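Observations on the model geometry
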Amino acid sequence: MKQTQIKRIKRPVHGVLLLDKPYGASSNQALQKCRWLLQAEKGGHTGVLDPLATGLLPLCFGDATKFAQRMLDADKRYVATLKLGVTTTTGDAEGEVLDTRPVQCDRAAVDAAVARFVGEIEQVPPMYSALKHDGKPLYEYARAGITLEREARRITIYGIEVLQFAGDELVLDVRCSKGTYIRTLAEDIAALLGCGAHLIGLRRTQTAGFRLEDAITVEQFEALALEQRDALLLPADSLLADLPAVTLDAAQTDKLTHGLSVRFPSDDGIIPGLRVYGDTGAGQPTFLGLAELTDQVLSPRRLLSTVVHS
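Being a predicted model, the structure only gives us computed values, none of them experimental. Each chain has its residues counted from 1, running along the sequence as written. Per-residue local features are limited, in this predicted model, to residues with pLDDT of at least 70; the limit for side-chain atom pairs, both in listing and counting, is 80 or more; totals at the level of whole chains, interfaces and linings are taken over all residues. Working from all heavy atoms in the structure, the side-chain values ignore hydrogens and water.

1. Here we look at the overall build of the protein
A run of DSSP states H or I qualifies as a helix once it reaches four residues; a run of E qualifies as a strand once it reaches two. Both are numbered from the N-terminal end. When its secondary structure is counted, the protein shows 8 helices and 19 strands. Across its three principal axes, the protein shows a C-alpha extent of roughly 70 × 70 × 40 Å. Working rule for contacts: check all heavy atoms of both residues, and any pair within 4.5 Å makes them a contact. Residue pairs in contact within the protein that sit at least 24 positions apart in sequence constitute 68% of those at least 6 positions apart. Surface accessibility in these figures is a Shrake-Rupley result with a 1.4 Å probe; residues are shielded only by whichever protein chains are displayed. On the protein, roughly 16300 Å² of surface is accessible, and the fraction owed to carbon and sulfur atoms is 50%.

2. Overview of the sheet that holds strand S18 (residues 286–294)
With mixed pairing, the 5 strands of this open sheet are ordered in space as S15-S17-S18-S19-S16. Strands with a single pairing partner mark the edges of an open sheet, and in this sheet they are strand S15 (245–247) and strand S16 (262–263). Alignment of S18 against strand S19 (residues 297–303), held across 6 bridges, turns out to be antiparallel. Residue pairing for S19: Leu 293 is matched across the bridge by Leu 298. Only strands joined by at least two bridges in the DSSP assignment are considered to pair.

3. Overview of the environment of Gln 123
Structurally, Gln 123 is set in strand S7 (residues 119–123). What makes Gln 123 buried here is its relative accessible area of 3%. Each C-alpha atom, one on Gln 123 and one on Asp 188, is 9.1 Å from the other, the two residues being 65 residues apart in sequence. Pairs of N or O atoms are called polar contacts if they sit within 3.5 Å, as long as, within protein, a hydrogen donor faces a hydrogen acceptor (for residues adjacent in sequence, only side-chain-to-side-chain pairs). Reaching out from Gln 123, the side chain makes a polar contact with the backbone nitrogen of Tyr 181 at a distance of 2.9 Å. Buried residues are those whose accessible area, probed at 1.4 Å on protein chains only, stays under 20% of the maximum for their type, while exposed residues exceed 50% and partly exposed ones sit between those limits.

4. Observations concerning unusual backbone geometry
Phi is positive for Asp 295, close to 50°, though the residue is something other than glycine. Examined against the element boundaries, Asp 295 turns out to sit in the loop between S18 and S19. Not every positive phi belongs to a glycine, and Gln 296 is a case in point at roughly 65°. Within the secondary structure, Gln 296 is located in the loop between S18 and S19. Accessibility expressed as a relative area gives 31% for Gln 296, which makes it partly exposed.

5. Section: helix H3 (residues 107–115)
Looking at H3, one finds that the buried residues are Val 110, Ala 113 and Val 114. Around the axis of H3, the buried residues are gathered within 100° of arc, so they sit on the same side. Buried residues along H3 sit against strand S10 (153–166), strand S11 (169–176) and helix H5 (182–193). Within this analysis, the arc is defined by the directions that extend from the helix axis to the C-beta atoms.

6. Focus: helix H1 (residues 27–38)
In a regular helix each residue adds 1.5 Å, so 12 residues correspond to 16 Å; H1 covers 17 Å between its end C-alpha atoms and thus fits that length. Every buried residue belonging to H1 is among Ser 27, Ala 30, Leu 31, Cys 34, Arg 35, Leu 37 and Leu 38, and all of these are buried. Buried residues of H1, viewed axially, fall in a sector of 160°; they line one side. The positive-phi residue at the C-terminal boundary of H1 is Gln 39, with phi of around 55°. A helix is expected to span 1.5 Å multiplied by its residue count minus one.

7. As for the nonpolar core
The definition of a nonpolar core used throughout is a set of buried Ala, Val, Leu, Ile, Met, Phe, Trp, Tyr and Cys residues joined through side-chain atoms within 4.5 Å. Judged by nonpolar contacts, the single largest core of 46 residues is most densely connected at Phe 61, Leu 82, Ile 160, Leu 172 and Ile 189. Element by element, the count of residues in this core is highest for H5, at 6 residues. Residues contacting Leu 82, with those up to four places away along its chain left out, are Asp 168, Glu 169, Leu 170, Leu 172, Ala 186, Ala 197, His 198, Leu 199 and Ile 200. Among the nonpolar cores identified, the runner-up in size contains 33 residues, and Phe 210, Leu 212, Leu 290 and Ala 291 belong to it.

8. Here's the deal with the packing of H3 against H5
Packed helix pairs are specified by the crossing angle of their axes together with the interaxial distance, meaning the distance between the axes. With their axes 9 Å apart at the nearest point, H3 and H5 run at an angle of 130° to one another. For the element pair H3 / H5, the angle class is oblique. Where H3 crosses over H5, the handedness of that crossing is right-handed. Across from Ala 109, Val 110, Ala 113 and Val 114 in H3, the residues of H5 making contact are Ile 189, Leu 192 and Leu 193. All residues other than Ala, Val, Leu, Ile, Met, Phe, Trp, Tyr, Cys, Pro, Asp, Glu, Lys and Arg, Gly among them, are scored as polar; the first ten of these are nonpolar and the last four charged. Counted by class, the contact of H3 with H5 contains 7 nonpolar, no polar and no charged residues. Whenever a helix is involved, its axis is fitted only over the stretch in contact; in every case the axis is a line through C-alpha atoms, and angles between N-to-C directions fall within 0 to 180 degrees. Should an angle fall under 35 degrees it is called roughly parallel, over 145 degrees roughly antiparallel, and 65 to 115 degrees roughly perpendicular, with every other angle called oblique. Crossings are assigned a handedness: left-handed for a near helix turned anticlockwise from the far helix by less than a right angle, right-handed for a clockwise turn.

9. What about the packing of aromatic side chains?
Between rings of Phe, Tyr and Trp, where Trp is taken as its six-membered ring, a pair exists when centres lie within 6.5 Å; planes separated by under 30 degrees are stacked, by over 60 edge-to-face, and by other angles tilted. Tallying each qualifying case throughout the model produces 2 aromatic pairs. Ring centres of Phe 67 and Phe 287 lie 6.0 Å apart, and the angle between their planes is 55°; on these two criteria the pair is classed as tilted. Of this pair, Phe 67 sits in the loop between strand S3 (54–61) and helix H2 (69–72) while Phe 287 sits in strand S18; the two residues are 220 residues apart in sequence, bridging distant segments of the chain. Each member of the pair Phe 67 and Phe 287 is classed as buried. Ring geometry for Tyr 277 against Phe 287: centres 5.4 Å apart, planes inclined by 50°, an arrangement best described as tilted.

The structure is reproduced here in structure tokens:
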């Protein structure tokens, strides 16, 4: 007798899940697993973590996906573990060994080398990266044995702290801007030390205002009931917590949610990003979305689909 497969019903789920991504899983695999567990209609992640990396990966669902780009642009923090004395083709443990050298540096030399990379620096993206050339990721060229010229990018390293240095293992706490390749940073530091290195561990501990200690693992999330999973989701406006906020009255709310600009007295000339809350009759201000203020005129930029009127 033929069995009929029951189609899983998807729900309009809105919010942000702070996930501790496991080792070996791609960011998309982690997203799809959590999306399935939430039965969510729509989801997206906030910046790729390599399969070999672990740690903080904010996942956005429903209306929260409208603001995921801000996480891509946010500063990050990592704990990176380097294996000194061995370089690989990929700059991490997945690659083939290119060269082996003795590690003859001391702690003073490590501290001096690390300090050289703090501040604004130029960094050449690695060939084993998802950056595209002629529509194809660089790692595909690299796997084919092709090396392309890459333009250096300006990034900012806000700080590097040496957490541990013993033998051929170096552990660093790195605070950096978007676009920073920690594998490349590790290789560049080790090149200055004269021994080379590759990453054997990478864990993201912060992104924007979110912290790893507030994240949950896939296994922990799966063990919860659906209602408990829902309760863990942060509201969509948590992605905009660093922006100033304004609250509108009922008339202003009605205009803005119809896509119209509203007069908003303010001494500020231009504010490109504002969290906007409004009176929707819910008894307390409702988050409406993102707006911009120009010469006392408030204009909608990205509004929640749940509050937009047709």
